[in-house]
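Residue-level structural notes
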Amino acid sequence: MKVITLLTDFGLKDTYVAQMKGVILEITRDVHIVDLSHDIIPQNVMEGAFLLYTAVPYFPRGSIHVAVVDPGVGTKRKAIIIETPVCFLVGPDNGILIPSAKLYKDFKVYEIKKDICRQSISSTFHARDVFAPAAALLAKGCSPEDIGKRIESFVDMDIEFGRKVGDRIVGKIMHIDGFGNLITNVRGETILKEKDFGSVLQLNLENKTYGARFLKSYGFGEEKELLLTIGGSGFLEISVNRGNASELLGAKVGDEIFIDLY
């Protein structure tokens, strides 16, 4: 049984995600559908790309990942399939799939053929009418060549990871999870090269400075203590033990952070 994952900015208030699943199941019942997230900030392609990038490595070989954060829906932007040595990626040609594809280096891109889509294609709902059928056909065993035409030109995008600049680590908040943890683009190894667990660091966010201990996990902090840790996806998180860092700091996705190392 093939796995199809879904990542969108649709939320769950409406029936959009359910309609995608219905189309998939109409084409094949022999599939396991997994919701990655439907809470991407609307139209925030970079946040979608980042969360897809952090999730894809944990799925079995042959999985099909559908990611739809698509401000250009209904325009001339392409609908694509990416074939990697490990998985397939399906979605709009706006860069959202590319960081995940680059995890595997050797990948091929195909533009989805219109004749595999639903008879009536909504100008505003390609997730249901284009991407869901393409994913279902891949799950049934169709090859990318059956579903799409190989292309060499596509929208490229890189995730800009946090980096050391002088005596500072410079990064950005990429996602806020359901606990209010601020997940950054700073890889864990970037800070571990500079500081040990237990170190007290100076965190600058939106021109305000906070002292925060760098701890191995949340529970090593005092209750309501602001702390830094490395989350399950290997990226630096700003957290509050038994609290909500997003609310405490008034932070949002896209905010820059600076961590002083001196």
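Residues numbered from 1 in each chain as written. Predicted model: local features only at pLDDT ≥ 70, side-chain atom pairs only at ≥ 80, totals over all residues. Heavy atoms only, no water.

1. Brief notes about the environment of Ser122
Locating Ser122 in the fold gives a position in the loop between strand S6 (108–112) and helix H4 (126–139). Note: C-alpha distance between Ser122 and Leu192 (70 residues apart in sequence) is 49 Å. Excluding anything up to four places from it in sequence, Ser122 contacts Arg128 and Asp129. Within the local environment of Ser122, its side chain forms a polar contact with the backbone nitrogen of Thr124, the two atoms lying 3.1 Å apart. (Helix = DSSP H or I, 4+ residues; strand = E, 2+ residues; numbered from the N terminus. Contact = heavy atoms within 4.5 Å. Polar contact = N/O pair within 3.5 Å; in protein donor to acceptor, adjacent residues only side chain to side chain.)

2. Thoughts on the nonpolar core
Ile4, Val66, Ile81, Val90 and Ile112 are the most contacted members of the largest nonpolar core, which totals 31 residues. Those elements giving two or more residues to this core turn out to be strand S1 (2–8), helix H1 (16–27), strand S2 (31–37), strand S3 (64–68), strand S4 (79–83), strand S5 (88–92), S6 and H4. Tallying contributions element by element places H4 first for this core, with 10 residues. Beyond its immediate sequence surroundings of up to four residues, Ile112 is in contact with Ala79, Ile80, Ile81, Val90, Cys117, Val130, Phe131, Ala134, Ile147 and Gly148. Listed in part, the 29 residues of the second largest apolar core include Leu7, Ala49, Leu97 and Phe107. (Core = buried A, V, L, I, M, F, W, Y, C linked by side-chain atoms within 4.5 Å. Buried < 20%, exposed > 50% of the residue type's maximum accessible area, 1.4 Å probe, protein only.)

3. Some remarks on the sheet that holds S1
Strand order in the open sheet made by the 7 strands is S2-S1-S3-S5-S4-S6-S7, with mixed pairing throughout. With partners counted over all chains shown, the strands left at the sheet margins are S2 and strand S7 (148–151), one partner each. Strand after strand, the sheet turns through a mean of 25 degrees between neighbouring axes, direction not considered. Against the sheet, helix H2 (residues 45–55) engages S1, S2, S3 and S5, with an angle of about 155 degrees to S1. (Pairing = 2+ DSSP bridges. Axes fitted to C-alpha atoms, helices over the stretch in contact; angles between N-to-C directions.)

4. What about the pattern of salt bridges?
What the rule picks out here adds up to 15 salt bridges. The residue Asp158 makes a salt bridge to Lys102 at a minimum N-O spacing of 2.5 Å. With Asp158 in the loop between S7 and strand S8 (163–165) and Lys102 in helix H3 (residues 98–102), this residue pair connects regions lying 56 residues apart in the sequence. Residue Lys102 is classed as partly exposed on the basis of its relative accessible area, which comes to 30%. Put simply, Asp129 and Arg128 hold a salt bridge, and the shortest N to O gap is 2.6 Å. Accessibility classification places Asp129 together with Arg128 in one group, the buried group. Salt bridges sharing common partners tie together Glu26, Arg118, Arg128 and Asp129. (Salt bridge = Lys/Arg side-chain N within 4 Å of Asp/Glu carboxyl O.)

5. Some words on unusual backbone geometry
Even without a glycine there, the phi angle at Gln43 is positive, about 70 degrees. Notably, Lys224 is not glycine yet its phi reads approximately 70 degrees, a positive angle. For Lys224, the position within the fold is in the loop between strand S12 (208–214) and strand S13 (226–230). Owing to a relative accessible area of 52%, Lys224 belongs among the exposed residues under this scheme.

Read these as spatial facts, not as claims about activity.
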